[in-house]
Amino acid sequence: MSPAKKKNAWTRRHLLGLEDLSADEITLVLDTAASLAEVGSRTVKKVPALRGQTIANLFFESSTRTANSFALAAKRLSADVLTVNVSTLSTSKGESLRDTARNIEAMGVDCLVVRHAIAGAPHLLARCLDCSVVNAGDGWHEHPTQGLLDIFTIRQARGRVEGLTVAIVGDIAHSRVARSNLWGLTKLGARVVVVGPSTLIPPWVRDFGAEISNDLDGILPRCDVVNLLRIQAERQAKNLFPSIREYAQFFGMNAARASRLKEGCLVMHPGPLNRGVEITPEVADGPHSVILRQVANGLAVRMAVLYLVIRARQIGRKTGSAPEGE
Amino acid sequence: MSVPPSKRILIRRGRVVDPAGRHEEIADLLVEDGRIREIGRISKPQKGQDIEEIDAGGLLVAPGLVDMHVHLREPGNEEKETITSGSAAAVAGGVTTVAAMPNTAPPVDNVASAEYVILQGARAGKANILPIGAVTKGRAGVELAELGRLAQVGAVAFSDDGAPVASAEVMRRALTYVKMFGKPVIDHCEDKDLFGEGVMHEGAVSTRLGLPGIPAVAEEITVERNLALAEATGGHIHIAHVSTAKAVDAIRRAKARAVRVTAEVTPHHLALTDESVSGYDPVFKMNPPLRPRSDVEALIVGLADGAIDCVASDHAPHTREEKEQEFNRAPFGVIGMETMLGVVWTTLGKTRRMDWPTVLARLSAAPARILNLSSKGKIEPGADADIVLIDPKKEWTVDPATFLSKSRNCPFAGWKLTAKAVVTIVGGDIKLREA
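Just so it is clear, the model here is predicted, and its values are computed rather than measured.

The rules behind these values
- Residues numbered from 1 in each chain as written.
- Chains lettered and ligands numbered in written order.
- Predicted model: local features only at pLDDT ≥ 70, side-chain atom pairs only at ≥ 80, totals over all residues.
- Heavy atoms only, no water.
- Domains from an automatic or database assignment.
- Contact = heavy atoms within 4.5 Å.
- Buried area = accessible area lost by both parts, 1.4 Å probe.
- Salt bridge = Lys/Arg side-chain N within 4 Å of Asp/Glu carboxyl O.
- Polar contact = N/O pair within 3.5 Å; in protein donor to acceptor, adjacent residues only side chain to side chain.
- Helix = DSSP H or I, 4+ residues; strand = E, 2+ residues; numbered from the N terminus.
- Pairing = 2+ DSSP bridges.
- Axes fitted to C-alpha atoms, helices over the stretch in contact; angles between N-to-C directions.
- pLDDT = per-residue confidence, 0-100.
- Buried < 20%, exposed > 50% of the residue type's maximum accessible area, 1.4 Å probe, protein only.
- Core = buried A, V, L, I, M, F, W, Y, C linked by side-chain atoms within 4.5 Å.
- Nonpolar A, V, L, I, M, F, W, Y, C, P; charged D, E, K, R; others polar.

Trainee: How should the domain arrangement of chain B be read in this particular structure?
Mentor: Many authors give the size of an interface as the accessible area that is lost as the parts come together. All names here are of chain B. When its domains are assigned, chain B resolves into domain 1 (8–61 + 385–433) and domain 2 (64–370). Distance between the C-alpha centres of domain 1 and domain 2: 26 Å. Counting residues at the interface gives 37 residues for domain 1, matched by 52 residues for domain 2. Per-residue buried area on domain 1 facing domain 2 is highest for K406, N409 and P411; these three make up 19% of the total on that side. Joining domain 1 to domain 2, the criterion identifies zero salt bridges. Applying the counting criterion to the domain 1 and domain 2 interface returns 17 residue pairs in polar contact (both at pLDDT 80 or more). Looking at the side of domain 1 that touches domain 2, the elements with two or more residues in it are β1 (8–18), β16 (387–397), β17 (416–426) and β18 (429–433).

Trainee: Can you help me understand the sheet that holds strand β6 (residues 65–70) of chain B in this one?
Mentor: Strand pairing in a sheet takes place through backbone hydrogen bonds and is either antiparallel or parallel in direction. Residues and elements named next belong to chain B. Read across the sheet, three strands follow the order β6-β7-β8 without closing on themselves; strand pairing throughout is parallel. The open sheet has two edge strands with one neighbour each: β6 and β8 (128–131). Neighbouring strand axes in the sheet, compared pairwise and without regard to direction, differ in orientation by 20° on average. Its contacts with the sheet put helix α2 (residues 111–124) on β7 (95–100) and β8, and the angle it makes with β8 is roughly 175°.

Trainee: What's the story with the confidence of the model for chain A in this structure? I'm lost.
Mentor: In this model, chain A carries a mean pLDDT of 93, and residues with pLDDT of at least 70 account for 94%. This model gives residues 1–7 of chain A a pLDDT under 50, and the stretch forms seven contacts once residues within four places in sequence are excluded.

Trainee: I would appreciate a short explanation of the pattern of salt bridges in the present structure.
Mentor: Residue and element names in this part refer to chain B. Using the criterion set out here, one finds 46 salt bridges over all chains in the structure. Across the salt bridge formed by R291 and E219, the nearest N and O atoms sit 3.1 Å from each other. Of the two residues, R291 sits in the loop between α9 (267–271) and α10 (293–305) while E219 sits in helix α7 (residues 217–233), which places them 72 residues apart along the sequence. Since its relative accessible area comes to 2%, R291 is described here as buried.

Trainee: Help me understand the nonpolar core, please; the structure alone is not making it clear to me.
Mentor: It is characteristic of soluble globular proteins that their nonpolar side chains tend to be buried jointly. Core analysis: the largest hydrophobic core is formed by 75 residues, its most contacted members being V98, I239, W356 and I390 of chain B. In this view, I390 of chain B contacts L59, L60, A62, L341, W356, L360, A419, K420 and A421 of chain B; residues no more than four positions away in its chain are not counted. Counting residues in hydrophobic clusters, the runner-up holds 64 residues, among them L30, L36, A190 and L266 of chain A.

Trainee: Can you walk me through the confidence of the model for chain B in this structure?
Mentor: Detailed reading of the predicted coordinates is not advisable wherever pLDDT falls low. Put simply, chain B has an average pLDDT of 96, and 98% of its residues get 70 or more. Interface confidence for the predicted complex, given as ipTM, is 0.93, next to a pTM of 0.94.

Trainee: Can you walk me through the pairing of strand β3 (residues 35–40) of chain B in this structure?
Mentor: Put simply, side chains in a regular strand alternate between the two faces of the sheet. All names here are of chain B. Examined bridge by bridge, strand β2 (residues 23–32) and β3 share five bridges and lie antiparallel to one another. Residue pairing for β3: L29 is matched across the bridge by I39. Hairpin connection of β2 to β3: two residues between the antiparallel strands, including D33 at a positive phi of 50°.

Trainee: Honestly, the interface of chain A and chain B in this entry has me stumped. Any pointers?
Mentor: Contacts between the two partners involve 22 residues from chain A and, on the opposite side, 20 residues from chain B. With both chains or domains summed, chain A and chain B bury close to 1700 Å², and 62% of this area falls on carbon and sulfur atoms. For the chain A face of the interface with chain B, the top three residues by lost area are I118, W140 and W204 of chain A, together amounting to 30%. Summed over the shared surface of chain A and chain B, the number is two salt bridges. A salt bridge links R98 of chain A to E324 of chain B; its shortest N-O distance comes to 3.4 Å. The interface formed by chain A and chain B holds six residue pairs in polar contact (both at pLDDT 80 or more) in total. Secondary-structure elements contributing two or more residues to the side of chain A that touches chain B are α4 (97–105), α5 (121–128) and α7 (176–187) of chain A. In terms of residue count, α5 of chain A provides more of the side of chain A that touches chain B than any other element does, four residues in total. Looking at the side of chain A that touches chain B, its residues break down into eleven nonpolar, four polar and seven charged.

Now the structure itself:
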């Protein structure tokens, strides 16, 4: 399939998760991102692709990286960006999510980028809005642009995704990053091993094609990529593990463990880092780490996603054909 | 749709099904003064007699359904349902007797509240509305409510439904105390700690959707505890809305050793699985949650072999604005009285898992027996004339917009169902008559 043909294949008005996407669709986003990455290295870092379009950022959970990355991605495509200030949101006055979103849409918004603590919140909005909806993280469910940028980074550094062994380490149960990576990577033919304490790994991830391990040291020599998830201290309060110290001892990536990695093995982290917990500073800043490259790639991936969903909606409206929903 | 009461009703040539006696025949049935007078070949009445004739050719003539688990929301949450709207929904679904759960505001933990429910039921004038009293004051699980006085004014059972009785000691005392009145304690079996913040069944689907899971063991551990307490005290425990295979199995084993236990299952747990939650629509959010196919299969087997005694709707109305929220925020519960008969028959009868006498036994005779309603749930001379005429071949599409309930949170919208109540008679009065 030629790249031009693949481009025509994108018909989705929303991006809600990677579970719904085909391998071809994921590859199409990655290819589009690769062609847009170059914009960031120009003197004038801007293209007119989405000029006249309005993109609203609606983040119900705090975020530095993702919110700014989406905002900057939109600006590089010449779209107008509305960043909704959550602290002044009317939901804090009792307005429903549905009403809040419909009011923002009524201002002429073409695409809503939404982050919410509850899984499925973007799906609810996709059902009741006409504009595009991009999921920027919903509860423990998915964080599709993070999954895409992780896969983009792997493909960029290793030249391929198929056949690689990727370990996702940490709190799998409560991680949207883990789920989006799992779907995307397995669709593209990678082997995924989820690693962590047994209290933080739902056994059902096996049904989705992942291998489960509780032994980080045992699987490290096999890995082409190690993706370390942020561990949240509040999980300790629910007895999911006894202490941060014990977690770090069994599942933290430190220099000793890094020394046993294969050559060329990538160490990734979606941020923000808990230095000294899931990753020590010498590994985070060491030769295997591609953490900052992930952040840079996030911009290109989000430009691609915004461009594709808004285009699909425009084409759908012009032809009168109902674009595919989710 | 309400027809002026007629003193006598002659139902002609219907297929009369008495699930209590497991008897079935084509016969006429005469209703007089609120009771079934005669069944058999009844000669045509003389002209001028005040008698209403119904041609029941092709219809089943069965005891009206007894729904022993209904939330009518009055007093306190009349925006969701009132006793009037709930009564209308009941007879539209062929339900002639409703046991109303006490988790209202204020709760039915006192005589005045129980009498209010009875009074409002009489004012509504459709179905028999029977109050269930709270087990504990304020449903707080600490002090017993005045169970004897509640029983005296007409409470048919006791339950803190919605909030399980957490203390084993309180449950032990309640089961011992109610033996004096011959009433069951109904428990919503759920261990609060294990339930946690869950919003759906914990399993493959919750893992895929990233929603907090409710482990099956949260129900099973409490079922096992209640069975042990019923066995120790000799009191009657009724397990509300059983939803897991292990819970069914525990009940079956307890019955084998003669523990006084009865159990119910809801139509939605028989017809739907946790896969339904995939679109994050809170119309599929209920407690206990929808379970995987293997549990559903065990519930069907249990209902067929008698481990589970009856079907009850757990009719739980909620407003549209509540159910349009994010999945974790929306309240648990679905409505069910208007679809119960059609869903149960379409799921179990059409698929030949059960025949009509068995389905009707589970919907009328069994719950009547559990609640000690000795003249209900049967078709025999002298029994209450609570009768439903069912068109067993009628195909219809569920459209919540047409419901008589005030709420629309029905998980079966758009389903094509077979079998419908076409005439509902309560106490000898016709309360529903479909054109």
